[in-house]
Amino acid sequence: MELYFVRHGKTLENQKGLYYGMIDSGLLPESRKKLQSYSGWFLQQQFDAVYVSPMRRALETVEILLPGYTWMKDRRLEERHFGILEGKTYEEILRDHPREAKQWEEDWMNYEIPEGESFWQVQKRVSAFAEEIKESGYEKILIVSHKGTMIQLILALLKIPPEQYWKFTLESDCYSTIRYSYGNAVLTTLNQRL
């Protein structure tokens, strides 16, 4: 089985350095153009299944990469809900919510952001998704989602402890791959540009 991971294209919120999970924004024109140039390659891959976060930025990404394809929306692929911290830069969070920022820094995995989620809540939903796709029977799968969510998903698939979350990142307008060989998941590509 081969799994392809694509982080959604860039948004205005990305440019501004905002924490945003539930803000349902679309893609920047330059990102749309770049993704369109990748479409032919993605169409040639002939995916057996395509899973996508239901957020607008992810849906626009898959629509550009695979026009005419059928995909499955899955809420477990949504970005982390940042609750009262949504739409703020880190500097704004420190200024406007110093108590919450301190609690988050001191216990980043367990801290549940007011009106939002904890790291572990996201890990629980992506781990359940990981188990399902491993048993799906599909040979070639594309997943279009969000940076944080997909890092946690990749960790779950590779059986790497979630504490290693900060060891790598996923860039926009790139793809990464995991290939299963004799039951072992191997990260074969990371942040590949076409």
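Within every chain, residues take consecutive numbers counted from 1 along the sequence as written. Residues qualify for local features only when their pLDDT is at least 70, as the model is predicted, and side-chain atom pairs are given and counted only at 80 or more; totals for whole chains, interfaces and linings, by contrast, use all residues. To obtain the side-chain values, all non-hydrogen atoms of the structure were included, while hydrogens and water were left out.

For the rest of this paragraph, the subject is the packing of helix 6 (residues 119–134) against helix 7 (residues 147–158). Angles shown run from 0 to 180 degrees and are taken between the N-to-C directions of axes, each axis being a line fitted to C-alpha atoms and, for helices, limited to the stretch in contact. Helix and strand labels come from DSSP, where a helix needs a run of H or I of at least four residues and a strand needs a run of E of at least two; each type is numbered from the N terminus. Contact geometry of helix 6 with helix 7 gives a least axis separation of 9 Å together with a crossing angle of 55°. Comparing their axes, helix 7 and helix 6 come out oblique. As for how helix 6 packs across helix 7, the hand of that crossing is right-handed. Side by side, helix 6 and helix 7 meet where Phe-119, Val-122, Gln-123, Arg-125, Val-126, Ser-127, Phe-129, Ala-130, Ile-133 and Lys-134 of the first sit next to Thr-149, Gln-152, Leu-153, Ala-156 and Leu-157 of the second. Residues are sorted three ways: Asp, Glu, Lys and Arg are charged, Ala, Val, Leu, Ile, Met, Phe, Trp, Tyr, Cys and Pro are nonpolar, and all the rest, Gly among them, are polar. Grouping the constituent residues of the contact of helix 6 with helix 7 by class yields nine nonpolar, four polar and two charged. Reported orientations rely on four angle classes, namely roughly parallel under 35 degrees, roughly antiparallel over 145, roughly perpendicular from 65 to 115, and oblique for the rest. The crossing is said to be left-handed when, going from far helix to near helix, the turn is anticlockwise and less than a right angle, and right-handed when the turn is clockwise. Whether two residues are in contact is decided by their heavy atoms: any pair within 4.5 Å suffices.

For the rest of this paragraph, the subject is the nonpolar core. As a rule of thumb, soluble globular proteins bury nonpolar side chains together. Core analysis: the largest hydrophobic core is formed by 28 residues, its most contacted members being Leu-3, Phe-5, Ile-143, Leu-153 and Leu-157. The element that contributes the greatest number of residues to this core is helix 7, accounting for eight residues. Other than its neighbours up to four places away in sequence, Phe-5 contacts Ile-143, Met-150, Leu-153, Ile-154, Leu-157, Cys-174, Tyr-175, Ser-176, Thr-177 and Ile-178. The criterion is simple. A nonpolar core is a set of buried Ala, Val, Leu, Ile, Met, Phe, Trp, Tyr and Cys residues joined through side-chain atoms within 4.5 Å. Here's how the labels work: a residue is buried when its accessible area is under 20% of the maximum for its type, exposed when over 50%, partly exposed in between, all with a 1.4 Å probe on protein chains only. Listed in part, the 18 residues of the second largest apolar core include Val-6, Leu-27, Tyr-38 and Ala-58.

With that settled, the discussion passes to the pairing of strand 5 (residues 175–181). Most of strand 5 sits out of view: five of its seven residues are buried. Should DSSP find at least two bridges between two strands, the strands are taken to pair. Note: strand 1 (residues 2–7) against strand 5, five bridges, orientation antiparallel. By the bridge assignment for strand 5, Glu-2 is matched with Arg-179. Between strand 5 and strand 6 (residues 184–192), which pair antiparallel one after the other, the connecting turn spans two residues, and Tyr-182 there sits at a positive phi close to 50°.

Right, let's get into unusual backbone geometry. You will see that Lys-159, though not glycine, has its phi angle at about 60°, which is positive. Looking at the secondary structure, you find Lys-159 in the loop between helix 7 and strand 5. We classify Lys-159 as exposed; its relative accessible area is 66%. We note that Asn-191 has phi near 55°; this positive angle belongs to a residue other than glycine. Within the secondary structure, Asn-191 sits in strand 6.

This part covers helix 5 (residues 98–106). Looking only at helix 5, the buried set comprises Glu-100, Ala-101 and Trp-104. Projected down its long axis, helix 5 carries its buried residues within an arc of 100°, all on one side. Away from the buried face of helix 5 by more than 90 degrees, exposed residues Arg-99 and Glu-106 are located. When we speak of the arc, we mean the arc of directions from the helix axis to the C-beta atoms.

Turning next to the packing of aromatic side chains. Ring pairs are drawn from Phe, Tyr and Trp, using the six-membered ring of Trp, whenever the two centres fall within 6.5 Å, and their geometry is named by plane angle: stacked under 30 degrees, edge-to-face over 60, tilted for the rest. Across all of its chains, the model carries 17 aromatic pairs by this definition. For the ring pair Phe-119 and Tyr-165, a centre distance of 5.4 Å and an interplane angle of 85° mean the geometry is edge-to-face. One end of the pair, Phe-119, is in helix 6; the other, Tyr-165, is in the loop between helix 7 and strand 5, and 46 residues separate them in sequence. Connected via pairs of aromatic rings, a cluster forms that spans Tyr-4, Trp-41, Phe-42, Phe-47 and Tyr-175.

Taken by themselves, the reported measurements are silent on function.
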